[in-house]
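Structural features, examined
The residues making up each chain are set out below.
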Amino acid sequence: MNIDSLVRENIKKLKPYTSARQGYLHGILLDANENSFGSVVESELELNRYPDPNQNILREKLSSYLNVKKENLFIGVGSDEVIDLLVRIFCEPKEDNVIITEPTYGMYKVACDINNVDVKNVPLNSHFQLDVVAVQSNFNENTKLVFCCSPNNPTGNLLNKYDVLEIAKSINGLLIVDEAYIDFNEKGSVIELIIEQPNIVVMRTFSKAWGLAGIRAGYCVADKSIIDYLFKIKSPYNLNKMTADVILKALNNLSLRNSFIGKINMQKTRLIEILKQLKIAEQIFPSDANFVLVKFSNGKMIYNELVKKGIILRDRSNQLNLENCIRITIGNEEENKLLFKELELLNEKNIH
Ligand SMILES: Cc1ncc(COP(=O)(O)O)c(C=O)c1O
């Protein structure tokens, strides 16, 4: 597959901005109009200096954690930045289109809408799996990207790897697999497919299992040609030094991440056990993520009653095929105790 042929002409021709720190990170740095006297906030991070635009140390560390090459890695301000950059690299506004597979994460469509790129929705099948034939038949010469999400938000299930591979093999475009929740069941990852199938892009994030939603860091693993374009169009210093520092610390603390995953999975099992006993919970969808999607007898009512008690869930009932469905993020023991109590009370009242 020739990735270049999919890229917008203006992006191919673009002469990117060359930032000062692309050249030198050390020396007597009088090249970037920084404050040479220091920073008003003391820090070992030399906050008066711009960060490394090439994310070198970070990508090296991440590459050994993931066992992929550094040249196949790009780190963004959350995976939301990666989504936006991919749309801008590949999709000509008002001309090209993107396939999304609903119900799924809302930002794929929003990123396209912001960029004035047409979105075709090819719904997931009744098991919330990819409808391979429907994706293939909706794909046309102007389709540049297909976004899918595994484990899928908000349904919680992993997508079938063979379906992912079959679609990727059959399209002249990129298949982006958003693995924001893959840490909760790593066996489901498609990262290894990238080597045989260079049009697969895998996105990941530090916002979920790592507990770092506040630092805004996500990344993608992709063919080098795609990574090069991401670097070409990103804002010069997208990743700030504090975020980079926290990621490095996180990668040195795998055991805590693993213990979080263990605890979250345990609480998830407990939540599912409780839900199974409630008449108001009509369907509990299997989950490989840190949340569970539940179809209630009256989703809106349950949602509103819990809000009154200060418990905020995510009402997904307006999404395609998710009538009365609420997404419940797995809380800690304390939070869950309160949630279980309130759900049981609502069940006793049997709110319909
Ligand atoms: C599927 C999915 N992808 C991406 C994101 C956003 O990730 P980030 O925080 O890295 O921007 C989310 C956040 O909820 C998500 O559910």
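Summary of the structure given here.

Let us now look at the overall build of the chain. Assigned secondary structure in the chain consists of 13 helices and eleven strands. For the chain, the C-alpha radius of gyration of 22 Å lies close to 20 Å, the compact-globule estimate for 352 residues. The proportion of buried residues among the 352 residues of the chain is 53%. In the chain, the proportion of contacts linking residues at least 24 apart, taken out of those at least 6 apart, comes to 70%. Total accessible area computed for the chain in this model is approximately 17,100 Å², and 50% of it derives from carbon and sulfur atoms.

Let's shift gears to the nonpolar core. Membership of the largest hydrophobic core comes to 47 residues, with the highest contact counts inside it found for Val164, Leu175, Phe206 and Ile247. In this structure, Phe206 is in contact with Leu62, Gly211, Leu212, Ala213, Ala217, Tyr219, Ile247 and Leu251, ignoring residues within four places of it in sequence. One finds Leu6, Val82, Ile100 and Leu230 within the second-largest nonpolar core, a separate group that totals 34 residues.

Of all residues adjacent to the ligand, which total 14 residues, the nearest are Ser79, Asp178, Tyr181, Thr205 and Ser207. Here Ser79 contributes a backbone N or O atom positioned 2.7 Å from an oxygen atom of the ligand. One of the backbone nitrogen or oxygen atoms of Asp80 is found 3.1 Å away from an oxygen atom of the ligand. Taking 390 Å² as the accessible area of the ligand by itself, protein coverage stands at 91%. Each residue belonging to the shell around the ligand can be placed in one class, and the counts come to five nonpolar, five polar and four charged.

Our next topic: the pairing of strand β1 (residues 73-76). On β1, burial covers both faces: Leu73 and Ile75 on one face and Phe74 and Gly76 on the other are all buried. Two elements, β1 and strand β7 (residues 218-221), share four bridges in a ladder whose sense is antiparallel. Residue pairing across strands places Gly76 opposite Gly218, the latter belonging to β7.

On to a nonpolar patch on the surface, then. On the surface, a nonpolar cluster with roughly 400 Å² of combined accessible area is contributed by Val40, Val41, Leu47 and Met242. Tracing the backbone shows Val41 in the loop between α2 (20-23) and α3 (56-66). Residue classification places Val41 among the partly exposed positions, given a relative accessible area of 48%.

Let us now look at the sheet that holds strand β3 (residues 118-121). Pairing in this open sheet of seven strands is mixed, and the strands run β1-β7-β6-β5-β4-β2-β3 from one edge to the other. Only two strands of the sheet have a single neighbouring strand rather than two, namely β1 and β3. Across this sheet, the average inter-strand angle for adjacent strands is 25 degrees, counted without regard to direction.

Among the secondary structure elements, Cys325 is positioned in strand β11 (residues 325-329). On a C-alpha basis, the gap between Cys325 and Arg314 in space is 8.9 Å, while along the polypeptide they are eleven residues apart.

Rules and cut-offs
Numbering of residues begins from 1 in every chain and follows the order in which that chain's sequence is written. Totals for whole chains, interfaces and linings use every residue, but because this is a predicted model, local features are given only for residues with pLDDT of at least 70 and side-chain atom pairs only at 80 or more, for both listing and counting. Hydrogens and water are ignored here; the side-chain numbers use all heavy atoms of the structure. Here a helix means four or more residues in a row that DSSP labels H or I, a strand means two or more in a row labelled E, and each is numbered from the N terminus. Between the two quantities, the radius of gyration covers C-alpha atoms and the globule rule is 2.2 Å times the number of residues to the power 0.38. A simple rule labels every residue: compare its accessible area, found with a 1.4 Å probe on the protein chains alone, to the largest value its type can have, and call it buried under 20%, exposed over 50%, or partly exposed in between. In this analysis, two residues are considered to be in contact whenever any of their non-hydrogen atoms come within 4.5 Å of each other. Note that accessible areas follow from Shrake-Rupley with a 1.4 Å probe, and for residues the cover is restricted to the protein chains shown. Only buried residues count toward a nonpolar core. Its members are Ala, Val, Leu, Ile, Met, Phe, Trp, Tyr and Cys residues joined through side-chain atoms within 4.5 Å. We call a residue near a molecule or strand whenever a single non-hydrogen atom of that residue lies within 4 Å of it. Each polar contact in these results corresponds to two N or O atoms within 3.5 Å; when the atoms are within protein, one needs to be able to donate a hydrogen and the other to accept it, and residues that are neighboring in sequence are counted only if both atoms are side-chain atoms. Polar here means any residue other than Ala, Val, Leu, Ile, Met, Phe, Trp, Tyr, Cys and Pro, which are nonpolar, and Asp, Glu, Lys and Arg, which are charged; Gly is therefore polar. When DSSP finds at least two bridges between two strands, those strands are taken to pair. Patches here are clusters of residues that have more than 30% relative accessible area and form no salt bridge, with a 9 Å joining cutoff for like charges and a 5 Å cutoff for nonpolar side chains (Val, Leu, Ile, Met, Phe, Trp, Tyr). Any carboxyl oxygen of Asp or Glu that lies within 4 Å of a side-chain nitrogen of Lys or Arg is treated as forming a salt bridge with it. With axes taken as lines fitted to C-alpha atoms, and helix axes fitted only over the stretch in contact, angles between N-to-C directions fall between 0 and 180 degrees.

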